[in-house]
Amino acid sequence: MENGAQQTPATTTPPSPPMPKVGVAVFLLKGSKVLLGKRLSAVGHSTFALPGGHLEFGESFEECATREVKEETGLIIDKTEYLTVTNNVISEKVHTVCVFIRAVPADINQKPETLEPDKCAGWDWYEWNNLPKPLFGPLEDMVQSGFNPFPTT
Ligand SMILES: Nc1nc2c([nH]c(=O)n2[C@H]2C[C@H](O)[C@@H](COP(=O)(O)OP(=O)(O)OP(=O)(O)O)O2)c(=O)[nH]1
Ligand SMILES: [Mg+2]
């Protein structure tokens, strides 16, 4: 270099290995029904899943549940309660620790809207005893294990 300054050696950052993410999924309950939508995302394409998404930095689980349901369906949720957590290795690249929250719609007459049509074909209420097929893998596993999201009265 003409001015004698030292040139910083070029560094290459090695690719970081994939990391598990935190998901939050919501059992939105209305009577004996649960809200499900057919996924259009690459992960779990064409399977029925709960509304939900990834936890953002600084969010509580309940805040994430409220935000994701609003973003995906327009519904305002109420009575959010933590239910359980599952560890889901979904593919070689997707590993999600998913927190499940139970909630009810604030207004039972409000209709869900398909606000992210690239991610979901549409939302509907399904009887817990007559769920559509195929369910998203992690949800199917929970159903097979006998998990029941409804409060015991
Ligand atoms: N939505 C949803 N996610 C679930 C369920 N079960 C389960 O393990 N997850 C996990 C896997 C997903 O990789 C993760 C995040 O949900 P998502 O795939 O709907 O994420 P998203 O695109 O809507 O959200 P984002 O990345 O924009 O925040 O949560 C479920 O029933 N519904
Ligand atoms: Mg989602």
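It should be emphasised that the depicted structure is a prediction, and the values quoted were computed from it without experimental measurement. Within each chain, residues carry numbers counting from 1 in the order of the written sequence. The naming scheme follows written order: chains are lettered A onward, ligands numbered 1 onward. Local features in this predicted model are restricted to residues whose pLDDT is 70 or higher, and side-chain atom pairs enter the listing and the counts only when it is 80 or higher, whereas totals over whole chains, interfaces and linings include all residues. Based on all heavy atoms of the structure, the side-chain values leave hydrogens and waters out of the count.

### Things to note about the state of the cysteines
Note the threshold: Disulfides are defined as cysteine sulfur pairs within 2.5 Å. Using a 1.4 Å probe on the protein chains alone, a residue whose accessible area is under 20% of its type maximum counts as buried, one over 50% counts as exposed, and one in between counts as partly exposed.
This model, assessed by the stated rule, comprises 0 disulfides. In this structure Cys120 is a free cysteine whose sulfur lies 16 Å from that of Cys98, the closest cysteine sulfur available. What makes Cys120 buried here is its relative accessible area of 7%.

### As for unusual backbone geometry
Let me state the cut-off plainly: Labels follow the DSSP assignment, with helices taken as runs of H or I lasting at least four residues and strands as runs of E lasting at least two, numbered in each case from the N terminus.
The linkage connecting Lys133 with the following residue, Pro134, adopts the cis geometry, with an omega of -10°. For Ser46, which is not glycine, the phi dihedral falls at a positive 70°. Along the chain, Ser46 falls in the loop between strand E2 (33-39) and strand E3 (48-49). Non-glycine residue Lys79 carries a positive phi angle of around 55°.

### Here's the deal with the site of ligand 1
What counts here: Note on terminology: near, applied to a residue and a molecule or strand, indicates that one of the residue's heavy atoms is within 4 Å of it. Within 3.5 Å is the distance limit for a polar contact, defined as a pair of N or O atoms, with the added protein rule that one can donate a hydrogen and the other accept it, and that residues adjacent in sequence qualify only through two side-chain atoms. For every accessible area listed, the method is Shrake-Rupley and the probe measures 1.4 Å; residues are considered covered only by the protein chains on display. Classification convention: Asp, Glu, Lys, Arg as charged; Ala, Val, Leu, Ile, Met, Phe, Trp, Tyr, Cys, Pro as nonpolar; all other residues, Gly among them, as polar.
Inspection of the region around ligand 1 gives 19 residues, with Arg39, Leu50, His54, Glu72 and Asn88 positioned closest. At 2.8 Å, a backbone N or O of Leu50 approaches a nitrogen atom of ligand 1. Contacts to ligand 1 include Lys119, whose side-chain N or O atom sits 2.9 Å from an oxygen atom. Look at ligand 1: alone it shows 620 Å² of surface, and the protein chains cover 85% of it. Of all the elements in the fold, those that place two or more residues in the shell around ligand 1 are strand E1 (21-30), strand E4 (52-54), helix H1 (61-73) and strand E6 (95-105). A per-class count over the shell around ligand 1 returns 9 nonpolar, 6 polar and 4 charged.

### A word on a nonpolar patch on the surface
Counted only if it meets this: Within the patch definition used here, like charges are joined within 9 Å and nonpolar side chains (Val, Leu, Ile, Met, Phe, Trp, Tyr) within 5 Å, considering only residues with over 30% relative accessible area and no salt bridge. In the sections that follow, a salt bridge refers to a side-chain nitrogen of Lys or Arg positioned within 4 Å of a carboxyl oxygen of Asp or Glu.
A surface patch of nonpolar side chains, about 320 Å² in accessible area, is lined by Val22, Phe61, Tyr82 and Val85. Along the chain, Phe61 turns up in helix H1. Owing to a relative accessible area of 33%, Phe61 belongs among the partly exposed residues under this scheme.

### Structural notes on the coordination of the magnesium ion (ligand 2)
In ideal tetrahedral geometry, four donors around a metal make angles of 109.5 degrees, whereas ideal octahedral geometry with six donors gives angles of 90 or 180 degrees. What counts, and what does not: With water omitted from the atoms examined, metal sites may look incomplete; donors here are N, O and S atoms no farther than 2.8 Å from the metal, or 3.2 Å in the case of Na, K and Ca.
All of the protein donors around the magnesium ion (ligand 2) are Gly52 (O) and Glu72 (OE); their distances to the metal are 2.2 to 2.3 Å. Placement of the pair is Gly52 in strand E4 and Glu72 in helix H1, with a sequence separation of 20 residues. Side by side, Gly52 and Glu72 carry an identical accessibility label, which is buried.

### Let's talk about helix H2 (residues 137-144)
Because each turn of an α-helix spans 3.6 residues, side chains separated by three or four positions end up pointing in the same direction. Stated formally: The arc in question is formed by the directions pointing from the helix axis toward the C-beta atoms. Note on definitions: a residue-residue contact is assigned when non-hydrogen atoms from the two residues lie within 4.5 Å.
Looking at H2, one finds that the buried residues are Pro138, Leu139 and Met142. For H2, the angular spread of the buried residues around the axis is 100°, confining them to a single face. Opposite its buried face, H2 presents the exposed residues Asp141 and Gln144, each directed more than 90 degrees away. As for H2, its buried residues are in contact with E1, E2, E3, strand E5 (77-89) and E6. Count one or two residues on from H2 and you reach Gly146, which has phi positive near 90°.

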